[in-house]
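Read off the chains here:
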Amino acid sequence: MGNEAVLGSSEQTPDGSEGTVDAGRRRFLTATTAVVGAVGVGVAAIPFIKSWNPSARAKLAGAPVTADISALAEGQRMVLEWRGQPIWIVRRTKAVLEALPTLDDKLRDPLSQNADQQPAYVLESNPELRSIKPEVSVLVGLCTHLGCAPEMVAEIRPEPFDADWKGGYFCPCHKSKFDMAGRVFEGVPAPTNLIVPPHHYADDNTIVIGVDPSQSGAA
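Please read all numbers here as calculations on a predicted model, not as lab measurements.

Asks: So what's going on with the overall build of the chain? Which residues, and what values?
Replies: Regarding its fold elements, the chain presents five helices and eleven strands. Put simply, the chain has 219 residues, and 37% of those count as buried. Nonlocal contacts in the chain, meaning residues at least 24 apart in sequence, comprise 50% of its contacts between residues at least 6 apart.

Asks: Outline the pairing of strand β6 (residues 136–140), listing residues and values.
Replies: With five of five residues buried, β6 lies mostly within the body of the structure. The alternating pattern of β6 places V136, V138 and V140 and S137 and L139 on opposite faces, both of which are buried.

Asks: Could you give me a rundown of the pattern of salt bridges, with the residues and numbers involved?
Replies: Counting across every chain of the model gives seven salt bridges. Residue D164 pairs with K106 through a salt bridge whose shortest N-O separation is 2.8 Å. Taken together, the positions of D164 in the loop between β7 (151–153) and β8 (168–171) and K106 in the loop between α4 (94–99) and β6 put the pair 58 residues apart, joining distant regions of the chain. Judged by relative accessible area, which is 30%, K106 ranks as partly exposed. R157 is paired through a salt bridge with E159; the nearest N and O atoms lie 3.1 Å apart. Several salt bridges converge on common partners, so that one network encompasses D104, D179 and R183.

Asks: Talk me through the packing of aromatic side chains; I want residue IDs and the actual numbers.
Replies: Scanning all chains against the criterion turns up four aromatic pairs. Centroid distance F161 to F170: 4.0 Å. Interplanar angle 5°. Geometry classified as stacked. A relative accessible area of 23% means that F161 is categorised as partly exposed. Residue classification places F170 among the buried positions, given a relative accessible area of 9%. With a centroid separation of 5.9 Å and 25° between ring planes, the pair formed by W165 and F185 is classed as stacked. Taken together, the residues W165 in the loop between β7 and β8 and F185 in the loop between β9 (176–179) and β10 (199–203) connect sequence positions 20 residues apart. Ring pairs connect the aromatic residues F161, W165, F170 and F185, which therefore count as one cluster. It is K133 that lies over the ring of Y201; its NZ or CZ is 4.4 Å from the centre.

Asks: Give a description of the nonpolar core that names residues and reports values.
Replies: The nonpolar side chains of a soluble globular protein tend to be buried with one another. Counting residues in each nonpolar core, the largest one holds 28 residues, and the members touching the most others are L100, C143, Y169, F178, M180, A190 and L194. Of all the secondary-structure elements, those providing two or more residues to this core are β5 (85–91) and β8. A total of three residues in this core trace back to one element, the largest contributor, which is β8. Residues V65, L72, I89 and I207 belong to the second largest nonpolar core, which totals 14 residues.

Asks: Run through the side chain of E159, naming residues and quoting values.
Replies: Position of E159 among the secondary structure elements: in the loop between β7 and β8. Here R157 takes part through its side chain, which lies 3.1 Å from a polar atom of the side chain of E159. Apart from the residues lying within four places of it in its own chain, the contact partners of E159 are V153 and W165.

Asks: Could you give an account of the environment of K133, naming the residues involved and the relevant values?
Replies: Mapped onto the secondary structure, K133 falls in the loop between α4 and β6. As for K133 and H200, which are separated by 67 residues in sequence, their C-alpha atoms are 9.9 Å apart. At a separation of 2.9 Å, a polar atom in the side chain of K133 contacts the main-chain carbonyl oxygen of D204.

What counts, and at which threshold
Residues numbered from 1 in each chain as written. Predicted model: local features only at pLDDT ≥ 70, side-chain atom pairs only at ≥ 80, totals over all residues. Heavy atoms only, no water. Helix = DSSP H or I, 4+ residues; strand = E, 2+ residues; numbered from the N terminus. Buried < 20%, exposed > 50% of the residue type's maximum accessible area, 1.4 Å probe, protein only. Contact = heavy atoms within 4.5 Å. Salt bridge = Lys/Arg side-chain N within 4 Å of Asp/Glu carboxyl O. Phe/Tyr/Trp six-rings, centres within 6.5 Å; stacked < 30°, edge-to-face > 60°. Lys NZ or Arg CZ within 6 Å of the ring centre and 35° of its normal. Core = buried A, V, L, I, M, F, W, Y, C linked by side-chain atoms within 4.5 Å. Polar contact = N/O pair within 3.5 Å; in protein donor to acceptor, adjacent residues only side chain to side chain.

Following this line, the structure appears as structure tokens:
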């Protein structure tokens, strides 16, 4: 009887005799029922959550994304989402712009000759900048090695991964490095420069991701 008190309680069985009900089993069944119920609620809620955010579906399908960059200060980054990808918009400092041409001999593709990595119009003014406006960089924020998210290390100062660092992006996962134009360094796992998405300026302070200037009528 002492053991029965530990294992469970006595209850009447269907034939009228006393039997032992395992309290641990009862708790397991109760917990299992609760978990199944919770999962059912979660599945039922998914369609409603999607219906609350139709713009997210539009972005994933490739709809253009517009951003006001008037408040974006030098050295700052704005992060958007387009086609399920992070888009980095960075206002580069004068010091960074001056440093970019000095890095060519350290880079795998300094003049962005791989045409798949950017639209042609971002190279027209200066291939080393990879941008429509010199001070504003627009990049897909995914490392071209395995799709990790590099860290922005914009300051020009020695870093543990590069004693002569001139600002850029560093992927701590596999040590790939990119400059502030998204150009990949030699000798790192990433094979190509960061991608520049199609974009144009609707006006001086409004940038539209996902539409080329020729398609928008922009100059």
